[in-house]
Amino acid sequence: MIICRCEEITEEEIISAIHDGATTVDDVKRYVHAGTGLCQGKTCGKLISCILARELSIQPPESGNPRPPVRPVRIGDFLNIPEGDLEE
Amino acid sequence: MKEAEVAVIGAGPAGMSAAIELASCGASVSVYDENHKIGGQLFKQLHKFFGSSRHYAGTRGITIAEELKEKLNSLNVDLHLGETVYGIFPGNVLGIHGNGENRLVRAKRIILATGASEVALPFPGWTLPGVMGAGAVQTMINIHHVLPGKRFLMIGGGNVGLIVSYQLLQAGAEVCGLVDVLPYVKGYDVHAAKIMRAGVPIMLGYTVREALGEKEVEGAVIAKMNKDGTFVPGTEQRLDVDAICIAVGLQPLTELARIAGCKTEYQPLLGGYVPKRDEYMETSVHGLYIAGDLSGISEASSAIEEGRLAGISVLKSLGYDVENFDERVNEIKRNLKLLKDPGRQKIVHDPTPIKDTKCKLRVECYECIPCNPCVTSCPRGAISMKEDITNTPELDESKCIGCGMCIAACPGLALFLVDTEYSDTEALIQFPYEYLPLPEEGSMVDGVNRKGEFVTKATVKSVRCPKANKKTPVLFIVVPKQFAEDVRGIRRLARK
């Protein structure tokens, strides 16, 4: 069953990552690339957190480590930030 | 770099309410929302809200959104729609993208009102087209007037699942079943009663086992679930549906708050991890406030109150003279306690047995929920509540004159008038009916009971919808006397 729709990562792959030692949503992300797609884990983050909680009998860990941009922004658009804004 | 005195991120009920407080007091406010319309989720809420009549109870979400929008537009607010805040950088600097621009803005104070997103539910087949979130369904049917399926399975018996089921019926779809793993209905009893009268089976202890279909949903299998998450063999049922709606919860959109460095805490009752905040809605980051679903999943009325609280707290922190600050803070806190006390137990009383009485009103509201429009709509003061609005209504039969003013006022559609003396053999029943098409006066319809089951043929005596009903028509139907206490609705008429 697919958990991460963007990258088509299955529940089995996530469970095997946990059995290989992953304990956080970020660990799973680095190991099997779940949550690295277009939505950046917005849907699967919580699901992975629940799978971790179930497999490891722990409180669901907080998902991911959010960084800007929280929404897709074209890289070219970052070049358009007015220079004055960046100088300060 | 552009400077803003206060930046509000999110123009839903919380953000709008905060901006209104701020601008009313003369603060300079910039509001950002990635959507092209203000109102957040409010414009999708076509049902009447609960709560206190002094606020917005009995008003539809869409009407509340219009009122807030009008107020916001009348004030001097710098509104940026279609602009996404994609990051918060040290020194309360916002990265803003949209409308062909990418710029940074420094704000003295920030109010984050980013709301929540839906929680998904994985099951075999959940990635098939036709499986969708309840919010998406609401957007399609209520905003874009597109029906994304004809026959739905609803997963989740919380208020969202119950309300969206009702809205799907109103939009002309069928809801073939509502399943929830819990042994009880988590949402409000009156919301469940509405869809049960419409014939929606509510299957408790059940959940979806798989979605069937090759390229899209062609059916669903539901089954009873054990406490350990396994299915009870032999309980599988196949439902002939073409759409599956997931309404299993919401999670606060905390990304921006976390990027800004706000400490969070795990609060399962509030939807998972939420930013820590003090009683004035300020987070662990100085100058950064939160309001609405981001601070814990609740409904729009609470978001409005929290927005107000964040708004006046920011004003105070900026040195504005906020009239009666302490009093206002206490009032908002009282309202919030009534609206959302996560510790409040679900209290549902047993239905009151119907006595042999001259009084025509039937109050089928048995759950303690924060709501009081029945009390305020009664011109004779026949309905009252002990202490506060979270109690169930009490009827003084000697005062009720059977005028029916309360029927359309009740947001839960839980009040009925039953005149057993209408004629020697017939009774007249009045009830709210929010489906199109409305039956014609004089026509014969199918009278149904509280579970939506056929009871008897009924004649429609009249259909009334004066302006005061706020778009809740009241039907008057005549049924044989012996069915007076069974019939509580009619079968919906087919659309042409």
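Structure's up top.
Reading the values: the criteria
- Residues numbered from 1 in each chain as written.
- Chains lettered and ligands numbered in written order.
- Predicted model: local features only at pLDDT ≥ 70, side-chain atom pairs only at ≥ 80, totals over all residues.
- Heavy atoms only, no water.
- Helix = DSSP H or I, 4+ residues; strand = E, 2+ residues; numbered from the N terminus.
- Rg over C-alpha atoms; globule rule 2.2 N^0.38 Å.
- Buried < 20%, exposed > 50% of the residue type's maximum accessible area, 1.4 Å probe, protein only.
- Contact = heavy atoms within 4.5 Å.
- Areas by Shrake-Rupley, 256 points an atom, 1.4 Å probe, with all protein chains shown as cover.
- Lys, Arg positive; Asp, Glu negative; His and termini not counted.
- Charge placed at Lys NZ, Arg CZ, Asp CG, Glu CD.
- Salt bridge = Lys/Arg side-chain N within 4 Å of Asp/Glu carboxyl O.
- Polar contact = N/O pair within 3.5 Å; in protein donor to acceptor, adjacent residues only side chain to side chain.
- Nonpolar A, V, L, I, M, F, W, Y, C, P; charged D, E, K, R; others polar.

Novice: I'd like a rundown of the overall build of chain B, residues and numbers included.
Specialist: For chain B, the count of helices and strands is 10 helices and 28 strands. For chain B, the C-alpha radius of gyration of 24 Å lies close to 23 Å, the compact-globule estimate for 496 residues. In terms of principal-axis extent, the alpha carbons of chain B reach across some 80 × 60 × 40 Å. Across the 496 residues in chain B, those meeting the buried criterion constitute 56%. Look at the contacts in chain B between residues 6 or more apart in sequence, and 61% of them connect residues 24 or more apart. For chain B, the computed accessible surface area is about 21,700 Å², with 51% contributed by carbon and sulfur atoms. Of the side chains in chain B, 56 bear a positive and 58 a negative charge, and the two mean positions are spaced by 2 Å.

Novice: Describe in detail the environment of Leu-212 of chain B, supporting the description with residues and values.
Specialist: Positionally, Leu-212 of chain B belongs in strand 12 (residues 206-212). It is 48 Å that separates the C-alpha atoms of Leu-212 of chain B and Ile-20 of chain B, two residues lying 192 residues apart in sequence.

Novice: Residue-level account of the environment of Pro-61 of chain A, with values.
Specialist: Examined against the element boundaries, Pro-61 of chain A turns out to sit in the loop between helix 3 (44-56) and helix 4 (75-78). Along the chain, Pro-61 of chain A and Thr-24 of chain A lie 37 residues apart, while their C-alpha atoms are 6.3 Å from each other. Those residues in contact with Pro-61 of chain A, other than ones at most four positions away along the chain, are Thr-23, Val-25, Ser-49 and Leu-52 of chain A together with Tyr-273 of chain B.

Novice: How would you sum up the interface of chain A and chain B? Please name residues and give values.
Specialist: Each side of the interface is counted separately: chain A has 31 residues, and chain B has 30 residues. Put simply, Lys-42 of chain A and Glu-255 of chain B hold a salt bridge, and the shortest N to O gap is 3.5 Å. Linking chain A to chain B there are 14 residue pairs in polar contact (both at pLDDT 80 or more). Going through the elements one at a time, strand 1 (2-4), helix 3, helix 4 and helix 5 (83-87) of chain A are the ones with two or more residues in the side of chain A that touches chain B. In terms of residue count, helix 5 of chain A provides more of the side of chain A that touches chain B than any other element does, three residues in total. Its residues assigned to classes, the side of chain A that touches chain B shows 15 nonpolar, seven polar and nine charged.

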